[in-house]
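Chain residues, written in single-letter form:
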Amino acid sequence: MFFVCLLHGRYYSATIIKMSGVTDDRIAIWLSALTAFTNFIFTLVGLWLVEKIGRRKLTLGSIAGMDRFLALQIICFTLCEISQNATQPGHFIAHLDHIY
């Protein structure tokens with residue numbers, strides 16, 4: 001089942017890359033292969049880290065990192081939206097009320 005899902009995901013990954021704006025089929029296929037290779041390499045790195053560091057420390061570190069980067073993502077998206085709508089008066093205060 002795993003291999004069927006893996007092949008199914010690889011089939012659609014080039015299509016997703018083309019939907020992002022890449023027009024050449026060959027480039028989309030190579031980018032898809034690069035994505036699959038990167039996934040494979042970091043799966044091996046993850047397995048090595050589990051054995052080296054341990055599951056508990058790795059999980060706690062992942063949760064802390066995820067919290068920090070989600071907060072950074074919220075800040076970045078908020079600033080992007082504020083800068084795009086900076087011409088509207090009072091938009092910043094209305095947006096802060098919407099967040100909280």
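Basis of the calculations
- Residues numbered from 1 in each chain as written.
- Predicted model: local features only at pLDDT ≥ 70, side-chain atom pairs only at ≥ 80, totals over all residues.
- Heavy atoms only, no water.
- Helix = DSSP H or I, 4+ residues; strand = E, 2+ residues; numbered from the N terminus.
- Expected span 1.5 Å × (residues − 1).
- Buried < 20%, exposed > 50% of the residue type's maximum accessible area, 1.4 Å probe, protein only.
- pLDDT = per-residue confidence, 0-100.
- Patch = residues over 30% accessible without salt bridge, like charges linked within 9 Å, V, L, I, M, F, W, Y side chains within 5 Å.
- Areas by Shrake-Rupley, 256 points an atom, 1.4 Å probe, with all protein chains shown as cover.
- Salt bridge = Lys/Arg side-chain N within 4 Å of Asp/Glu carboxyl O.

1. Points about the overall build of the protein
Next up, step 1: Looking only at helices and strands, the protein has 4 helices and 0 strands in total.
Next up, step 2: In the protein, the order of α-helices and β-strands from amino to carboxyl end is α-α-α-α.

2. So, helix H2 (residues 25–53)
Along an α-helix, a turn takes 3.6 residues, which lines up residues three or four apart on a common side.
Next up, step 1: With 29 residues, H2 ought to run about 42 Å at 1.5 Å a step, and its terminal C-alpha atoms sit 41 Å apart, in line with that.
Next up, step 2: Downstream of H2 by one or two residues, Gly-54 has phi in the positive range, about 110°.

3. Remarks on the environment of Thr-35
Next up, step 1: Structurally, Thr-35 is set in helix H2.
Next up, step 2: Here Thr-35 falls in the partly exposed class, since its relative accessible area comes to 49%.

4. A few points about the confidence of the model for the protein
Next up, step 1: When pLDDT is averaged across the protein, the result is 79; 71% of the residues are at 70 or more.
Next up, step 2: The secondary structure element of the protein with the lowest average pLDDT is helix H4 (residues 91–99), at 51, and the one with the highest is H2, at 91.

5. As for a nonpolar patch on the surface
Next up, step 1: A contiguous nonpolar surface patch, about 680 Å² in accessible area, is contributed by Phe-37, Phe-40, Ile-41, Phe-42, Leu-44, Val-45 and Leu-47.
Next up, step 2: Looking at the secondary structure, you find Leu-47 in helix H2.
Next up, step 3: A relative accessible area of 52% means that Leu-47 is categorised as exposed.

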